[in-house]
Every structure is written in structure tokens, then in C-alpha cells.
Amino acid sequence: MNITFQTMNPSYRSPVPAQQRRAPKAQKAKGDYDTVNISRTSAALQDDESFARMLARKTAAQLDSVSQERVQELNSRVADGTYIPDPQRIAGRMLGLV
């Protein structure tokens with residue numbers, strides 16, 4: 001960073017005439033700046049896939065305890081338009097509070 005202090009110019013004009021101003025370069029600037037490169041390796045993708053498989057197995061194991069009668073009842077209530085979900089209960093179940 002280069003800082004130059006100049007005295008106040010009462011006309012508020014630039015000290016450099018317009019003809020001498022440089023146009024910004026269109027090419028990539030070279031210098032000291034930060035860069036970030038985010039990429040996923042195949043190992044990270046495999047970890048994600050194995051986590052998804054484990055989560056699917058755990059969820060499927062929990063679904064075995066659901067009775068088919070309850071599923072049929074909910075299907076018919078949804079089809080009839082009489083099913084009214086309880087948002088507080090749903091949120092609590094999602095957060096593991098209920």
C-alpha cells in the first residue's frame with residue numbers, strides 16, 4: 001500500500017491531468033493478495049457417501065417400528081384434507097426434544 005499526503009487543493013481537482021491517467025489493466029493483477037481454492041477430494045466424497053449410507057440404515061431401522069395401520073390412517077387423512085400437522089411437535093422431533 002502506498003499512501004501519499006498532499007496539501008488540499010481548493011479547486012478539488014486531481015493533481016494528475018486526465019491525459020496522464022492510466023487505464024486499468026484488463027489482465028489479472030499480479031501481487032500480494034489472498035486466494036482461496038475449495039475442492040473436494042475423492043476421499044471426502046467417499047466419506048460423505050458412507051455417512052449417507054449409515055444415516056439411511058439408521059433411519060430405515062427406526063421405520064420398522066412404525067405400524068402399517070398408522071401409515072394407512074395418515075395417508076387417508078392427507079387424501080381427505082383432514083390432516084393438520086402440529087409444527088411445534090414436528091420441530092421438537094427434528095431437534096430430538098420430544
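Structure: see above.
Here's what I pulled together on the structure shown here. Remember, it's a predicted structure, so these values are computed and weren't measured experimentally. (Residues numbered from 1 in each chain as written. Predicted model: local features only at pLDDT ≥ 70, side-chain atom pairs only at ≥ 80, totals over all residues. Heavy atoms only, no water.)

Another point: the overall build of the protein. In terms of regular secondary structure, the protein is built from three helices and zero strands. Out of the 98 residues belonging to the protein, those deemed buried represent 1%. Accessible surface for the protein amounts to roughly 10300 Å². Of this, 54% is attributable to carbon and sulfur atoms. (Helix = DSSP H or I, 4+ residues; strand = E, 2+ residues; numbered from the N terminus. Buried < 20%, exposed > 50% of the residue type's maximum accessible area, 1.4 Å probe, protein only. Areas by Shrake-Rupley, 256 points an atom, 1.4 Å probe, with all protein chains shown as cover.)

Following the criterion strictly, the structure yields three salt bridges and no others. For Arg-70, the salt bridge identified is with Glu-73, shortest N-O distance 3.6 Å. Residue Arg-70 and its partner Glu-73 are both found in helix α2 (residues 68-80); the two are separated by three residues, about one turn of the helix. Its relative accessible area of 37% is what places Arg-70 among the partly exposed residues. For Arg-77, the salt bridge identified is with Glu-73, shortest N-O distance 3.7 Å. Remark: Glu-73 and Arg-77 occur in helix α2; sequence separation between them is four residues, near one turn of the helix. (Salt bridge = Lys/Arg side-chain N within 4 Å of Asp/Glu carboxyl O.)

The first and last C-alpha atoms of α2 sit 18 Å apart over 13 residues, in line with the 18 Å expected at 1.5 Å per residue. Positioned one or two residues after α2, Gly-81 has a phi angle of 85°, which is positive. (Expected span 1.5 Å × (residues − 1).)

We now examine a nonpolar patch on the surface. Residues Ile-90, Met-94, Leu-95 and Leu-97 make up a contiguous nonpolar surface patch of about 500 Å² in total accessible area. Mapped onto the elements of the fold, Leu-95 is located in the segment after α3 (87-94). For Leu-95, a relative accessible area of 64% corresponds to the exposed category. (Patch = residues over 30% accessible without salt bridge, like charges linked within 9 Å, V, L, I, M, F, W, Y side chains within 5 Å.)

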